[in-house]
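Geometric and topological summary
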Amino acid sequence: MKRKLYLETFGCQMNVLDSELVLGQLRAHGYESTEDRDRADVILYNTCSVREHAEQKVWSRLGELRPQKQQRPELVIGVIGCMAERDGVDLFRRYPHVDLLCGPGELDKLTQLVHNAVVTGSDRPRQTALMGSNTRRSATLAAAEDNLELLDLSRSINSEDDVAQAYVRITRGCNKFCSYCVVPYTRGPEVHRPPQNIIDEVKRLADVGVREVTLLGQTVNHYHFRHDDGRQTTFAQLLYDIHEAVPHLPRLRFVTSFPRDFTNEALAAMRDCPRICRYLHAPAQHGSDRILKSMNRGYTAGQYYDFVDRAREMMSDISIASDFIVGFPGETEDDFELTMEMVRRCRFKNSFIFKYSPRPGTVAIDRFVDDVSDADKRSRNNRLLAVQQEVSESINRQMIDQTVRVLVEGESKLVSRQAANTGKVELGWEKRPVALAADETQMVGRTPGDQVVVFSGPLSLKGQLVDVRINGAKNLTLFGEYCGSKSPRQTSSITAGSTIAHSV
Ligand code: SF4
């Protein structure tokens, strides 16, 4: 009988992809996944250390498992990902019922660790694979990289999966060492995958019907691969190569970009290749040079503005999103005003805004006093959010009466919840009750510029690229009408000014 595996994922897209890969490996070794944690033989949490909130959820899940473990000592409980790497064996002291730890740079060993834990029964020795403990950075680095590459290559891709979107990793790790971030310590130094392996993976995904591939890297646009003969494949070249080699992939996008590394060549690739989405997620983090320096971001606000100006000069319809941290140590009202100014001037499609909290394992926790009060952090968070909402709504309102091409992700969660709770749904941007045809519901999808679009249509549209005419807009959502099969193929993407036809 197959052993049942429950795997819950926290954090970024990189973790989502890691989970998919380890799930594939474990399935190939006789495990079957289950959504029911209580019936699982093996419970794994793929964790994130970047935000305190995600960490607290993991602590709480582990706490909940104590009684289960007492009742079923043979149950295997594992923590994988960034928290495992950062906390290391200290985690066993706090949660002695955990059996297994595996860092994100060691996931190729996870199947063996799980197997060891399962076969040794309730008296099992603890299983660990942590980068910090076996120094992959040493002489074994090349072999370790090869093993991680094998993990990516082992991905099982088949036509029954019926997925419209997929992630493909192009780099692992990060060399930037931003002072508030633990990722360079948990994921290790930057490693770039061979371009042909990436192209082959994208092609295999497109062959089975995937419509949108997102290339992943912590600093995705810093990609550069040095071949044995000395040639180098840059990020720009990789984009051109994928675009040419996989003509049947309708959409290609990438996250997350590091502003300082954005070359004109990469922007030109986005401009020249019509199936590359004109969307950049390029976190600025702050508008004050003083704070950017404390954050060790390696650029000034002026350089960030220059990057945004270059991008918009080359593609007036490009959609740019950012991240910001408010309340970083030493932040004054004047510093914060510079961030507000940046949001107004750059006209981001949206920004992910976070209140600073010192994270264990980072430089900032040792070097700086967390001296901005909670009240100031909250107030700055709310004020920045309000400015961003104004900007987002004004950008979205420019889309009204335009037809956009949308990749349909599925039924709107809000509608499913409403229908489940009340038996009725309210549709559209005016929240008016709408009579739906028997086979219709409220669907949600995304434009090439990553705007969320909600519209009425049949569930069968899930996973398809369809045209929707926009008739309403809020700061986070566009609302529209499904054009059906007779819609125009040309679409308009988001712009902070004019609109240019673009065909993804
Ligand atoms: S670029 Fe900075 S914030 Fe992003 S993963 Fe690297 S160290 Fe962390």
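Residues numbered from 1 in each chain as written. Predicted model: local features only at pLDDT ≥ 70, side-chain atom pairs only at ≥ 80, totals over all residues. Heavy atoms only, no water.

Considering the overall build of the protein chain
In terms of helices and strands, the protein chain carries 17 helices and 25 strands. Expressed as a percentage of its 504 residues, the buried residues of the protein chain come to 55%. Summarising the internal contacts of the protein chain: among those between residues at least 6 apart in sequence, 74% fall at separations of at least 24. With an accessible surface of roughly 21800 Å², the protein chain has 49% of that area assigned to carbon and sulfur atoms. (Helix = DSSP H or I, 4+ residues; strand = E, 2+ residues; numbered from the N terminus. Buried < 20%, exposed > 50% of the residue type's maximum accessible area, 1.4 Å probe, protein only. Contact = heavy atoms within 4.5 Å. Areas by Shrake-Rupley, 256 points an atom, 1.4 Å probe, with all protein chains shown as cover.)

Overview of the site of the ligand
With respect to spatial proximity, the complete set of residues near the ligand consists of C174, K176, F177, C178, Y180, C181, V183, P184, Q218, T219, F258 and R297. Partitioning the shell around the ligand into residue classes produces 8 nonpolar, 2 polar and 2 charged. (Near = heavy atom within 4 Å. Nonpolar A, V, L, I, M, F, W, Y, C, P; charged D, E, K, R; others polar.)

Observations concerning the side chain of S179
Along the chain, S179 falls in the loop between β8 (171-172) and α8 (183-186). Exposure remark for S179: the relative accessible area of 2% places this residue in the buried category.

A look at the pattern of salt bridges
One pass over the full model with this rule turns up 36 salt bridges. Of the charged contacts, one joins E212 and R253 as a salt bridge, the two residues approaching to 3.2 Å between their closest N and O atoms. Highlighted residues: E212 in strand β10 (residues 212-216) and R253 in strand β13 (residues 251-255), separated in sequence by 41 residues. Taking relative accessible area as the criterion, E212 reaches 5% and is therefore assigned buried. (Salt bridge = Lys/Arg side-chain N within 4 Å of Asp/Glu carboxyl O.)

Things to note about the packing of helix α1 (residues 13-28) against helix α5 (residues 110-119)
In a packed pair of helices, the relevant descriptors are the angle between the two axes and the axis-to-axis distance. Relative to each other, α1 and α5 sit at 50°, their axes nearing to 9 Å. In terms of their interaxial angle, α1 and α5 are classed as oblique. Considering how the two elements wind past one another, α1 and α5 form a crossing that is right-handed. Contact residues: α1 offers V22, Q25 and L26, while α5 offers L110, T111 and V114. In terms of residue class, the contact of α1 with α5 is built from 4 nonpolar, 2 polar and no charged. (Axes fitted to C-alpha atoms, helices over the stretch in contact; angles between N-to-C directions. Parallel < 35°, antiparallel > 145°, perpendicular 65-115°, else oblique. Left-handed = near helix turned anticlockwise from the far one by under 90°.)

Re the sheet that holds strand β14 (residues 279-281)
In space, the 3 strands of this open sheet follow the order β14-β15-β16, with parallel pairing throughout. The sheet is open, and its two borders are formed by β14 and β16 (351-355), each paired with just one other strand. Between one strand and the next, the sheet's axes are offset by a mean angle of 10°, whatever the strand orientation. When strand β15 (residues 319-326) meets β16, the two strands line up parallel, connected through 5 bridges. (Pairing = 2+ DSSP bridges.)

Brief notes about helix α16 (residues 374-397)
When the terminal C-alpha atoms of α16 are compared, their 34 Å separation across 24 residues agrees well with the 34 Å that a helix rising 1.5 Å per residue should span. Where α16 is concerned, the buried positions are K377, R380, N381, L384, V387, Q388, V391, S392, I395 and N396. Looking at the packing, one finds that the buried side of α16 touches β15, α14 (333-346), β16, β22 (465-473) and β23 (477-482). (Expected span 1.5 Å × (residues − 1).)

Some details on the sheet that holds strand β7 (residues 165-169)
Strand order in the open sheet made by the 3 strands is β7-β10-β13, with parallel pairing throughout. Sheet topology places β7 and β13 at the edges, where each strand pairs with a single neighbour. Across the sheet, the mean angle from the axis of one strand to that of its neighbour is 25°, orientation sign disregarded. Across 5 bridges, β7 lies against β10 in parallel orientation. Among the inter-strand pairings, A166 is bridged to a residue of β10, identified as V213. With respect to the sheet, α1 is in contact with β7, β10 and β13, its orientation differing from that of β7 by roughly 95°. Sheet strands in contact with helix α10 (residues 235-245) are β10 and β13, and its direction is about 160° off that of β13.

Quick word on helix α9 (residues 195-207)
When the terminal C-alpha atoms of α9 are compared, their 18 Å separation across 13 residues agrees well with the 18 Å that a helix rising 1.5 Å per residue should span. Of the residues making up α9, those classed as buried are P195, N197, I198, I199, E201, V202, L205 and A206. Phi for G209, located one or two positions after α9, is positive at around 105°.

Looking at the pairing of β13
For β13, the tally of buried residues reaches 5 of 5 residues, placing the bulk of the element in the interior. With burial as the criterion, each face of β13 is covered, one bearing R251, R253 and V255 and the other bearing L252 and F254. As paired elements, β10 and β13 share 5 bridges and run parallel to each other. Bridging across to β13, L216 finds its partner in V255.

Brief notes about the nonpolar core
The biggest cluster of nonpolar side chains holds 59 residues, and the ones touching the most others in it are L215, F254 and Y304. At 6 residues, helix α13 (residues 301-314) tops the list of elements feeding residues into this core. Built from parts of two domains, this core gets at least three residues from each of domain 2 (164-276) and domain 3 (278-396). Those residues in contact with F254 that sit more than four places away from it in its chain are T214, L215, V220, F235, L239, F262, M270, I276 and L280. Within the second largest apolar cluster, 28 residues are counted, among which are L5, L23, Y31 and L110. (Core = buried A, V, L, I, M, F, W, Y, C linked by side-chain atoms within 4.5 Å. Domains from an automatic or database assignment.)

Some words on the environment of L385
Here L385 is to be found in helix α16. Taking the C-alpha atoms as reference, L385 lies 7.2 Å from I353; in sequence the two are 32 residues apart.

Quick look at the packing of α10 against helix α11 (residues 264-272)
The contact between α10 and α11 brings their axes to 8 Å, and the two run at 20°. As the angle between them shows, α10 and α11 are arranged roughly parallel. Where α10 crosses over α11, the handedness of that crossing is left-handed. Facing F235, A236, L239 and Y240 of α10, the residues of α11 in contact are E265, A266, A268, A269 and D272. Within the contact of α10 with α11, the residues separate by chemical class into 7 nonpolar, no polar and 2 charged.

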